[in-house]
Amino acid sequence: MSPKPFRFFQFPWRSRGAIAREVDAELAFHIDARVTALQAEGLGADEARRQAEAEFGDLEFTRRYCRDLDERSERKIRLADRLAEWQQDAKYAWRTLRRSPGFAAVSILTLALGIGANTAIFSVARAVLLKPLPYREPGALVSLFERPIDKPDARWSLSAPNFADYRERQHTLSGVAAYYQRLATWRVGSSDPEIVIAMRVTANLFDVLGVPAWRGRTFTAGDDAASASSKVILSFKFWQHDLGADSAIVGRTITLYNQAYTVVGVMPRGFAVTGEESMWIPLDLSDDLARAAITRKQRFFNTVARLKPGVTFETARADLFGISRRLQTEYPEANSGYLSSLVPLHETMAANLKQPVLLLLGAAALILLIACANLANVTLSRSVSRSGEMAVRAALGAGRGRLARQLLTESVLLSVAGGGLGVMLAMVATRALLALNPTTLGGVFEVGIDGRVLLFSALVSVGTGVLFGLAPAIAAARSDLHGALKDRGRGGTGGHAGERLRHGLVVAQMGLAVMLLIGAGLLVRSFREITNVDLGYDPDHVLTAQLRVDGARYDSAAAVNQFYDGVLAEIARAPGVVATGAAMYAPAQGKEYSTMFVEGSGTDPARLPSIAYNMVRGDYFKALKIPIVAGRTYNESDTPAGPEVAIINEAAAHRFFPKGDAVGRHVRVGPNPNVPWKTIVGVVGDMRDAANWVAPEPTIYDNSRQQTWWGSLSVVVRTTGDPESAVPLLRRAVKAGDPTLALRDVATLDQVIGTSLAGRRFALGLAASFAGLALLLAAIGIYGVLAYSVTSRTREFGVRLALGAPRQSVLMLVLRQGLGWSLIGLAVGVGGALAGGRLLAGMLYGVQPIDLATYLTVAAGLLIVVTIACLVPAARATSVDPLTSTRAE
């Protein structure tokens, strides 16, 4: 009977075993025994050995397998030994930190602030810059714009005829959709009317984006035809909050523009195109295309397109560029001087957020570096004070690598604990950012702490621990432990190399803090310049609200004028109201552009200059206290049946009428050569735009009573007292004129201006917070180093005092030491700020990146803070008792 077959699992995992040798020996024994048995049965020696080896399998294969098993076992043993050592290091680090709870608490809190700030800002950066848009294959989505030839970075919307031409002539896009936003008055049944943002879209928009409806369906071909019935798709948020999450909403009707619209679908949660819209309505282009001669220069259609499979971005851009060249030739009056511009959709949506987010991410990284330098200095000082402990461990057999690893383990343990606390702070900070953030971070960009953000935080935590623990670990590996123990006995400080390293870390902290302080100072100066600029109008005691006429009742200019005239007159009669008016765009609410041709100017009609365009009515200029520079404002004689008149601002007068003869001259607005001439009857003062950012632009104010506007108007009401007291008056006046209409965005003009500046104020607040935190960490760092230096040099100071040195000299010695490091750090930081100042240039107004006043203010403030931080350890040095210190020596 043959022996039992060999089983590899019978061999245990040996710490340093020789499994292969055991296999060889056992196999040889069994094979020899089998050969003997076969020979006894009459087989020859060779035949018996061949049969025995065949029964036990391939001997060489078995040996190779066992040798490989042996090598794997040894690798596992080494790994287990290493893990056991790390576990031992972690336990020892934990016990060490428990003995220093103050140091551990301060270190963890410092790291939590740095890591938490980076995690919160990274969550925003990931959502805005890194995370794909929530559409199907978002990398294939692009936006199509037009731009003037001389403005390569400009992004202008398209006119309806140009959009249609691009859509029909292109060969590289699988779909091209258009959209634009408008206000809409809506209500359900007999409920009170409200105003929401309704986006008008071509029927293929949702197919281009590749997002199906959550309930119901999206638009299909023909839904945007003029003969189609009125349909609407709702956003998830609107369906949930405004319609009570009605599960049977699909197929029902809501009233928009005073007519019934059938709800055909609800989009998924989080779906948005701009993040502001509440619903989508089919866009009928037939009327715009029928009037192409007039509408080709009216550029207000935004676009989104999808590249065909296999088509590159450059190929599509070249294709559309060729179409724009042909449109220039075919329609020179509207397209001369304009080219196409193709931009990835993600870049379009993140355009206004990219620079602020990157700057904040850089500021957060600097904060973390300052924290690392601070903790590296503290741990380096602690490692010197622990030189006796390290010498004892070395004497017991611990190598230098093991000692360095022990210090790194302590640093990583602190950093991981700080990272955990930092993630919790980041969750709170992220919610605060979304709640306080005035920019468009919601909607398309989903900001939150997800798995990748947690992975980033974990990597940053471990990397931070290694970074600030590297210096003491290297110092421990290179130091003479026995000599350090002797130095410690004499009150040493860890040697000249350790002192240079600590001083270098202080310089690094100060330099980084100076860079952040100068950046925040420039932003503060810029914001102050913005808020102090002359607006050109008086926003105090002014109420604003948006109002739109909807429905078949307003199918004529007379009906529109009758409604607005009645509302404005009703408000004007109320007590406490000084003046009231209305405009397409009130201050800080945006603007539109058109072209203007001056009679007799000789300007080529195909190259008309652009001009900002607004439409006003009532006592608009009086309500805002905009001065009348020349001529007059509109009055009752300017009727729809009378000669058309216009008002321009001073910037337009200086540009188009440098001789000062603007009043009485004739101009024509828009591309249509058949529109009537307008007579300029007045020149008014300039106003700043929404964010008070650029210089006043040439602007023409058309008469809303003569150019009937069916869109929304912003009503402005000036009062003698609190402007919010006029809100009931305004609501009653609108309800008396038409109870089916509603007001939107009711606010004081001061609040509107504050909202327009909120983005800058928000970024400024974050930058100032980071700068203040950097200054605090730097001050704590230099205080800690000086305090340690004073403690380690106590005997030296005692000897100096015992030999007759004045206490003032000891005080100045410590101050000179601390201020010397700070001055070097200040110089380094100023150099870094000078080199990186151009990164802030695009966010500054009225201030140059190299602003002497800001630099001097930061330098003076920093020296004051550093001096205060140095005074405490310096005063402690002067209080040393010479007798006690010399007796210890």
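Just so we're clear, the structure is a prediction, and the values are computed from it rather than from any experiment.

Engineer: Explain a nonpolar patch on the surface to me, and be specific about the residues and the numbers.
Structural biologist: A contiguous nonpolar surface patch, about 280 Å² in accessible area, is contributed by Val 416, Val 462, Val 466 and Leu 470. A per-element tally of the nonpolar patch places helix α16 (residues 451-478) first, with three residues. Checked against the element boundaries, Val 466 lands in helix α16. Using a relative accessible area of 34% as the deciding quantity, one classes Val 466 as partly exposed.

Engineer: Give a description of the packing of aromatic side chains that names residues and reports values.
Structural biologist: Describing an aromatic ring pair means giving the distance of the ring centres and the angle of the ring planes. Here the structure, examined in full by the defined rule, presents 19 aromatic pairs. For Arg 182, the ring lying beneath its charged end belongs to Phe 300, and the centroid distance is 5.6 Å. A cation sits over an aromatic face here: Arg 296 above Tyr 331, 3.6 Å from the ring centre.

Engineer: Residues and numbers for helix α23 (residues 749-756), please.
Structural biologist: Leu 749, Val 752 and Ile 753 are the residues of α23 that are buried. An end-on view of α23 places all buried positions within 95° of arc, on one side of the element. Where α23 is buried, its residues meet β11 (542-548), α20 (620-624) and β21 (743-748).

Engineer: Pulling in residues and values, what's your account of the nonpolar core?
Structural biologist: By size, the foremost hydrophobic cluster in this structure holds 125 residues, and its most contacted members are Phe 563, Tyr 620, Ile 648 and Ile 700. Ranked by residue count, the leading element in this core is helix α24 (residues 758-792), at 15 residues. When near neighbours in sequence (up to four residues on either side) are disregarded, Tyr 620 contacts Thr 580, Gly 581, Ala 582, Ala 583, Tyr 585, Ala 586, Pro 587, Asn 614, Ile 626, Met 687 and Val 716.

Engineer: For the pairing of strand β14 (residues 610-618), give the residues involved together with the corresponding values.
Structural biologist: In terms of residue burial, β14 counts as a mostly covered element, since seven of its nine residues are buried. Note: strand β12 (residues 577-583) against β14, three bridges, orientation antiparallel. Across the sheet, Ala 583 pairs through a bridge with Val 616, a residue of β14. Both strand β13 (residues 592-598) and β14 contribute to a ladder of four bridges, which runs antiparallel. Its bridge partner lying in β14, Thr 595 is registered against Ser 610. Bridge analysis of β14 against strand β19 (residues 699-703) gives five bridges, and the strand direction is parallel. Within β19, the position partnered with Val 616 by the bridge is Asn 703.

Engineer: So what's going on with helix α26 (residues 807-836)? Residues and values would help.
Structural biologist: If you check α26, its first and last C-alpha atoms are 43 Å apart, about what 30 residues at 1.5 Å a residue would give, namely 44 Å. Val 810, Val 814, Leu 815, Gln 817, Gly 818, Trp 821, Ser 822, Gly 825, Leu 826, Gly 829 and Ala 833 are the residues of α26 that are buried.

Engineer: Talk me through the confidence of the model for the chain; I want residue IDs and the actual numbers.
Structural biologist: Detailed reading of the predicted coordinates is not advisable wherever pLDDT is low. Here the chain shows a mean pLDDT of 79. Residues at 70 or above account for 81%. Below pLDDT 50 for its whole length, residues 1-17 participates in 25 contacts with residues either more than four positions away or in separate chains. Low confidence marks residues 488-494, where pLDDT is under 50. Its contacts with residues over four positions away, or in another chain, come to 16 contacts.

What counts and how
Residues numbered from 1 in each chain as written. Predicted model: local features only at pLDDT ≥ 70, side-chain atom pairs only at ≥ 80, totals over all residues. Heavy atoms only, no water. Patch = residues over 30% accessible without salt bridge, like charges linked within 9 Å, V, L, I, M, F, W, Y side chains within 5 Å. Areas by Shrake-Rupley, 256 points an atom, 1.4 Å probe, with all protein chains shown as cover. Salt bridge = Lys/Arg side-chain N within 4 Å of Asp/Glu carboxyl O. Helix = DSSP H or I, 4+ residues; strand = E, 2+ residues; numbered from the N terminus. Buried < 20%, exposed > 50% of the residue type's maximum accessible area, 1.4 Å probe, protein only. Phe/Tyr/Trp six-rings, centres within 6.5 Å; stacked < 30°, edge-to-face > 60°. Lys NZ or Arg CZ within 6 Å of the ring centre and 35° of its normal. Arc of directions from axis to C-beta. Contact = heavy atoms within 4.5 Å. Core = buried A, V, L, I, M, F, W, Y, C linked by side-chain atoms within 4.5 Å. Pairing = 2+ DSSP bridges. Expected span 1.5 Å × (residues − 1). pLDDT = per-residue confidence, 0-100.

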